[in-house]
Amino acid sequence: MKSDVYFIRINSKDAEVRLEGFKKLLHKLAPSFVFEENEFIPVKLTIGDSACVYNLNPVFLKALVLELKNKRAKPFLFDTCVIYSGERQNAVDHLNLAQSKGFGHSRVEAPFIIADGLFGQDGREYVLNEDLIKAIKVPSFIGMLNSLVVCSHVTGHIVSGFAAGIKNVAMGMSSRATKQVQHSSLKPSIIKNKCTGCGCCVVVCPVKAITLKDDKSVIDQDTCIGCGECISACKSCAVYINWHEDPLIFCKRMNTVANFILSKFKQKLFFNFAFDITKGCDCESDKNAKMIFDNCGIFFSTDVLSLDKATSDVISDYGKISHPQKAVHEEMFKHAAQIGLGNLEYNLIQI
Ligand code: SF4
Ligand code: SF4
């Protein structure tokens, strides 16, 4: 079975041209979007870290918000706290950054919400009991709302080689502990010279693996279950995150988490914006970031796997530079199809 993927080709660097293209795509698609009156519509996006300048342009979000409001729905933008240090590690800094990068209410005409609370610990836990993921914690509105819109800036990625819709859902719609579990099965440890001995990690550890010794916390590696809660709890960035992981296992975990999250929504609308495609994702790129593909355009589908596969295929054809780590994310797509995340085959419909 094939899913439809809509694509508007735009290779311009001009923000106005890009916006006009997006409006044209929205105009074509909007009749198929059906919402209840006053239905809350969560719009997932990433504003990028403070140094990132190639993240989604807020003008796209404003155009989308107005289209959703035309349909008498109530859109809101949301993201979650990241696991590494920076201005998106807690809700206050994250919201201040969103404001300064043009994602404030007055610019986008919808509120921006940090969906996993002040420190990325809030949410609802689900037991998955899958081989690679036993349990996850996600924002509590997941399971309460019918529709979801996901807007993703297409980038390269240090592990998977490619990041778009699936990664935006799997990482961006889970709590910090679940982000940690996807990144690594290796257990965290303590950076002693950063530890203030506040004891917050001791309180949250579900298996009492952490004790304070000489005002420094210590993790008993035999007891630790790698849940990542201590990472969220530590305000001093003293819990070391082990980033090393087999790339395919990392990708399979993301597929598993995304599959579960998306199963909780009836109507799912995904946009991939393939502009300014940097080698690293928006968490780590800056104004000097290397572009790995030409500007390409905007993709839409109700099937996140078809969308990401089509995006990957088209940017590979369209760009002049060979695709990095293509084998890894091709395997990721195959696994996604096996677990029912979507269709690997698609009809590409050019607008
Ligand atoms: S929360 Fe951080 S600073 Fe506080 S005791 Fe634990 S590791 Fe140390
Ligand atoms: S990862 Fe979880 S189980 Fe391990 S020390 Fe941290 S809070 Fe405790």
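Residues numbered from 1 in each chain as written. Chains lettered and ligands numbered in written order. Predicted model: local features only at pLDDT ≥ 70, side-chain atom pairs only at ≥ 80, totals over all residues.

Asks: Help me understand the site of ligand 1 in this model?
Replies: The environment of ligand 1 is made up of 14 residues, and the closest members are Cys-195, Cys-198, Cys-201, Cys-234 and Ala-238. Residues that form the shell around ligand 1 fall into these classes: nine nonpolar, five polar and no charged. (Near = placed C-beta within 6 Å. Nonpolar A, V, L, I, M, F, W, Y, C, P; charged D, E, K, R; others polar.)

Asks: Before we go on, may I ask you to explain the pairing of strand E9 (residues 210-213) in this structure?
Replies: Remark: a regular strand shows side chains that alternate across the two faces of the sheet. Bridging between E9 and strand E10 (residues 216-219) involves four bridges; their strand directions are antiparallel. Paired with Ile-210 across the two strands is Ile-219, which belongs to E10. (Pairing = 2+ DSSP bridges. Helix = DSSP H or I, 4+ residues; strand = E, 2+ residues; numbered from the N terminus.)

Asks: Is there a simple way to explain helix H6 (residues 176-183) in this structure?
Replies: Because the α-helix completes a turn every 3.6 residues, residues three or four places apart line up on one side. Burial analysis of H6 places eight of its eight residues in the buried class, which makes it a mostly covered element. Buried within H6 we find Arg-176, Ala-177, Thr-178, Lys-179, Gln-180, Val-181, Gln-182 and His-183. Elements that come into contact with the buried residues of H6 comprise strand E6 (135-138), helix H5 (165-170), helix H8 (229-233) and helix H9 (247-262). (Buried ≥ 20, exposed ≤ 12 C-beta atoms within 10 Å, placed from the backbone. Contact = placed C-beta atoms within 7 Å.)

Asks: Help me understand the pairing of strand E12 (residues 267-274), please; the structure alone is not making it clear to me.
Replies: Among the eight residues in E12, seven count as buried, and that is most of the element. Relative to E12, strand E7 (residues 147-153) runs parallel, the two sharing seven bridges. Across the sheet, residue Val-149 finds its bridge partner in E12, namely Leu-269. Sheet analysis places E12 next to strand E13 (residues 297-301), joined by five bridges and oriented antiparallel.

Asks: Whenever I open this one, H9 confuses me. Can you help?
Replies: For H9, built from 16 residues, the straight-helix expectation of 22 Å at 1.5 Å per residue is met to within 8% by its first-to-last C-alpha distance of 22 Å. A large share of H9 lies buried, amounting to 13 of its 16 residues. (Expected span 1.5 Å × (residues − 1).)

Asks: Can you walk me through the sheet that holds strand E1 (residues 2-9) in this structure?
Replies: Strand pairing in a sheet takes place through backbone hydrogen bonds and is either antiparallel or parallel in direction. Pairing in this open sheet of eight strands is mixed, and the strands run E4-E3-E2-E7-E12-E13-E1-E14 from one edge to the other. Whereas interior strands pair on both sides, the edge strands pair on one side only; in this sheet they are strand E4 (112-114) and strand E14 (345-350). The average angle at which neighbouring strand axes cross in this sheet is 25°, direction not considered. Across two bridges, strand E2 (residues 40-44) lies against E7 in parallel orientation. (Axes fitted to C-alpha atoms, helices over the stretch in contact; angles between N-to-C directions.)

Asks: Help me out: how do you make sense of the domain arrangement of the protein in this one?
Replies: Often, the extent of an interface is quoted as the loss of accessible area upon association of its parts. Parsing the protein into structural domains produces domain 1 (2-183 + 245-350) and domain 2 (189-240). When each unit is reduced to the centre of its C-alpha atoms, the spacing between domain 1 and domain 2 is 31 Å. Each residue belonging to the side of domain 1 that touches domain 2 can be placed in one class, and the counts come to four nonpolar, four polar and one charged. (Domains from an automatic or database assignment.)

Asks: Please clarify how the nonpolar core should be interpreted in this entry.
Replies: Grouped burial of nonpolar side chains is what soluble globular proteins tend to show. Membership of the largest hydrophobic core comes to 97 residues, with the highest contact counts inside it found for Leu-61, Cys-151 and Ala-258. Here this core gathers at least three residues from each of two domains, domain 1 (2-183 + 245-350) and domain 2 (189-240). (Core = buried A, V, L, I, M, F, W, Y, C linked by C-beta atoms within 7 Å.)

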